[in-house]
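Descriptive structure summary
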Amino acid sequence: VLGAIRDDEIAARVFGKRTIAAKRACLAVAGASAGLAGVLTASFIQFLHPTMLWTPSLIAVLTALILGGVGHLGGSLAGVAILSAIGEGVRFVPLPPEYLGALRLTITALLLLLVLLLRPRGLFGKIDVR
């Protein structure tokens, strides 16, 4: 139902799907998952502060989702694996340590641009058929 809502909500309603109920259920599951993640994080590190979730970590998560592809769990996991492989692979490049961070960001940015140009839905994203 959520896939039908994403593609065309009016068509989903025409076929008798309860789109508003599905959206509410999705919001409830997402909120419960975020709350559970917060509880587990707080219990694990035993300290919370608003600055802990800062912009670079959010950018890394969004980059992984865009690389792997939205709408597919395997794509999200592949995006995280790709970013981790880039981060760890750059360690073995024979450059001074102060250049490695910039090299990692440059490789990630180039890969992200290539994916957005060649596969706008991500590497494993679902393909629109229109």
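Residues numbered from 1 in each chain as written. Predicted model: local features only at pLDDT ≥ 70, side-chain atom pairs only at ≥ 80, totals over all residues. Heavy atoms only, no water.

1. Topic: a nonpolar patch on the surface
A grouping of Leu58, Val61, Leu62, Leu65, Ile66, Val70 and Leu116 is seen on the molecular surface, where their side chains present a nonpolar patch of about 590 Å² in accessible area. Residue contributions to the nonpolar patch peak at five residues, all from helix H4 (residues 55-68). Positionally, Val70 belongs in the loop between H4 and helix H5 (73-89). (Patch = residues over 30% accessible without salt bridge, like charges linked within 9 Å, V, L, I, M, F, W, Y side chains within 5 Å. Areas by Shrake-Rupley, 256 points an atom, 1.4 Å probe, with all protein chains shown as cover. Salt bridge = Lys/Arg side-chain N within 4 Å of Asp/Glu carboxyl O. Helix = DSSP H or I, 4+ residues; strand = E, 2+ residues; numbered from the N terminus.)

2. As for the layout of surface pockets
Considering only enclosed or pocket space, the largest pocket measures out at about 250 Å³ in volume. As for the largest pocket, its lining consists of Pro56, Ile59, Ala60, Thr63, Leu83, Gly87, Arg104, Leu105, Thr108, Ala109 and Leu112. Residue assignment for the lining of the largest pocket shows that the elements contributing at least two residues are H4, H5 and helix H6 (97-118). The element that contributes the greatest number of residues to the lining of the largest pocket is H6, accounting for five residues. Of the residues contributing to the lining of the largest pocket, the split by class is seven nonpolar, three polar and one charged. (1 Å grid on protein atoms, 1.4 Å probe; cavity = no way out; pocket = protein on both sides within 12 Å on 5 of 7 lines; lining within 4 Å. Points joined across faces, edges and corners; volume = space filled by probe spheres on them. Nonpolar A, V, L, I, M, F, W, Y, C, P; charged D, E, K, R; others polar.)

3. A few points about the packing of H4 against H5
One can describe the packing of H4 onto H5 by two numbers: an axis separation of 7 Å at closest approach and a directional angle of 120°. Our classification of the angle between H4 and H5 gives oblique. Considering the relative orientation of H4 and H5, their crossing is right-handed. Along its contact with H4, which presents Ala60, Thr63, Ala64, Leu65, Leu67 and Gly68, the element H5 presents Gly75, Ser76, Gly79, Val80, Ile82 and Leu83. Split into classes, the residues belonging to the contact of H4 with H5 amount to seven nonpolar, five polar and no charged. (Axes fitted to C-alpha atoms, helices over the stretch in contact; angles between N-to-C directions. Parallel < 35°, antiparallel > 145°, perpendicular 65-115°, else oblique. Left-handed = near helix turned anticlockwise from the far one by under 90°. Contact = heavy atoms within 4.5 Å.)

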